[in-house]
Amino acid sequence: MIKLIIKIFLTIIALVLILAAAVFFQEVDPKQVKPGFTPHQFADTLANHTYDLDSLKAIIGDNKGLPEGFEIAAAIAYSAYPQLKDVNIDMILQPEGAPMESTFNIWTLFIPGKKHRQYRILLNDAEKTFFDPILLRSLPFDAQVGILAHELGHVVYYHQLNLFEIGKWGLNYLESDEFRATHERSTDLMPVYHGLGSQIYQYAYFVRKDSSCLEFFKGAQGFMDKYYMTDIELLEAMNNQRGSHLFQNAH
Ligand SMILES: [Zn+2]
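Each chain carries its own residue numbering, running from 1 in the direction its sequence is written. Confidence filtering applies because this is a predicted model: local features only for residues at pLDDT of at least 70, side-chain atom pairs given and counted only at 80 or more, and all residues used for totals across whole chains, interfaces and linings. With hydrogens and water excluded, all non-hydrogen atoms of the structure serve as input to the side-chain values.

A. Structural view of the packing of helix H2 (residues 53–60) against helix H3 (residues 71–79). All axes here are fitted lines through C-alpha atoms, helices being fitted over the stretch that makes contact, and every angle between N-to-C directions spans 0 to 180 degrees. Comment: elements are numbered from the N terminus, with helices defined as DSSP H or I runs of at least four residues and strands as E runs of at least two. Packing of H2 against H3 leaves a shortest axis separation of 9 Å and a crossing angle of 35 degrees. In terms of crossing hand, the pair formed by H2 and H3 is left-handed. Counted together, Leu 53, Leu 56, Ile 59 and Ile 60 of H2 and Glu 71, Ile 72, Ala 75, Ile 76, Tyr 78 and Ser 79 of H3 form the full contact between these two elements. Residue composition of the contact of H2 with H3, by class: 8 nonpolar, 1 polar and 1 charged. The crossing is said to be left-handed when, going from far helix to near helix, the turn is anticlockwise and less than a right angle, and right-handed when the turn is clockwise. It only takes one pair of heavy atoms within 4.5 Å for two residues to be counted as in contact. Lys, Arg, Asp and Glu make up the charged group, whereas Ala, Val, Leu, Ile, Met, Phe, Trp, Tyr, Cys and Pro make up the nonpolar group; the residues left over, Gly among them, are polar.

B. Spotlight on the coordination of the zinc ion. Only N, O and S atoms count as donors, using a 2.8 Å cut-off from the metal and 3.2 Å for Na, K and Ca, and because water is excluded some sites may appear unfinished. Protein ligation of the zinc ion involves His 150 (NE2), His 154 (NE2) and Glu 184 (OE), the donor distances falling in the range 2.0 to 2.1 Å. Counting along the primary sequence, the residues that act as donors to the zinc ion give the motif H-x3-H-x29-E. In this pair, His 150 and His 154 both sit in helix H4 (residues 141–160), 4 residues apart, roughly one turn of the helix. Think of it in three bands: with a 1.4 Å probe and only protein chains considered, a residue is buried below 20% of the maximum accessible area for its type, exposed above 50%, and partly exposed in between. According to the relative accessible area criterion, His 150 is buried, its value standing at 1%.

C. A look at the nonpolar core. Buried Ala, Val, Leu, Ile, Met, Phe, Trp, Tyr and Cys residues form a nonpolar core when they are joined through side-chain atoms within 4.5 Å. Core analysis: the biggest nonpolar cluster contains 67 residues, and Ile 89, Leu 139 and Leu 152 have the highest contact counts within it. With 10 residues, H4 is the single largest residue contributor to this core. Leave out the neighbours within four places in its chain, and Leu 152 touches Ala 77, Tyr 78, Tyr 81, Leu 84, Ile 89, Met 91 and Ile 121.

D. Representation of the sheet that holds strand S1 (residues 88–94). A sheet is described by the order of its strands in space; here 3 strands give the open sequence S1-S3-S2, paired in mixed fashion. A strand with exactly one partner marks an edge of an open sheet, and here the two such strands are S1 and strand S2 (100–104). Each strand of the sheet is rotated relative to its neighbour by a mean of 20 degrees, with strand direction disregarded. Alignment of S2 against strand S3 (residues 118–124), held across 5 bridges, turns out to be antiparallel. Its bridge partner lying in S3, Ser 102 is registered against Ile 121. In this scheme, strands are said to pair when DSSP sees at least two bridges between them.

Just distances and angles here, no functional claims.
See below:
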């Protein structure tokens, strides 16, 4: 009996070591890549229009969760990513956590093939915390679309990786500030690549310059400017993307 237990124990250790080695030897690039298709170019201002949620739902697929109260903003953000049409994604409001975070149901990563994977975008909706001014409910409509499009950019990235690569990505993200900064800053370019540059610009501008965020930003500037693109940097990226059609700081 003892022998059997030792055998099982050693087998488990061996499997864990093989898995760890498989993760360790993966190479993952923190940078996002431009889509291989011409994306829809959205209007610079999406607020104050009427949208038909059912038409948007038909575009994005019925495997997408829409957070209550933010259905239209979420559906527009999803619609910018036609490559995610067959991917299961939920957006969940919750009373804790980072302001916004893209993650997955880890068990679904072990199922062969990627069609069973379930991704989740967790949206902090807590009351009266430090994050209040930058939570989804505090943002203007266009900024909401912009930041949700950033989060969906993470999903596009995860969906290209296999299980071991996701493991390596997670280790690098936690261990290396530089890897994390490169990944987050290039994820800020995903809305730009997908026709929602103006919306992520409006998010970056709002959290840095709106009077409701000044107190927050005073405490968070070091972090924000290191890991995310500033409004000025996003303007530059949009102008590079659009060539001659130059954006100007409208504010
Ligand atoms: Zn991010």
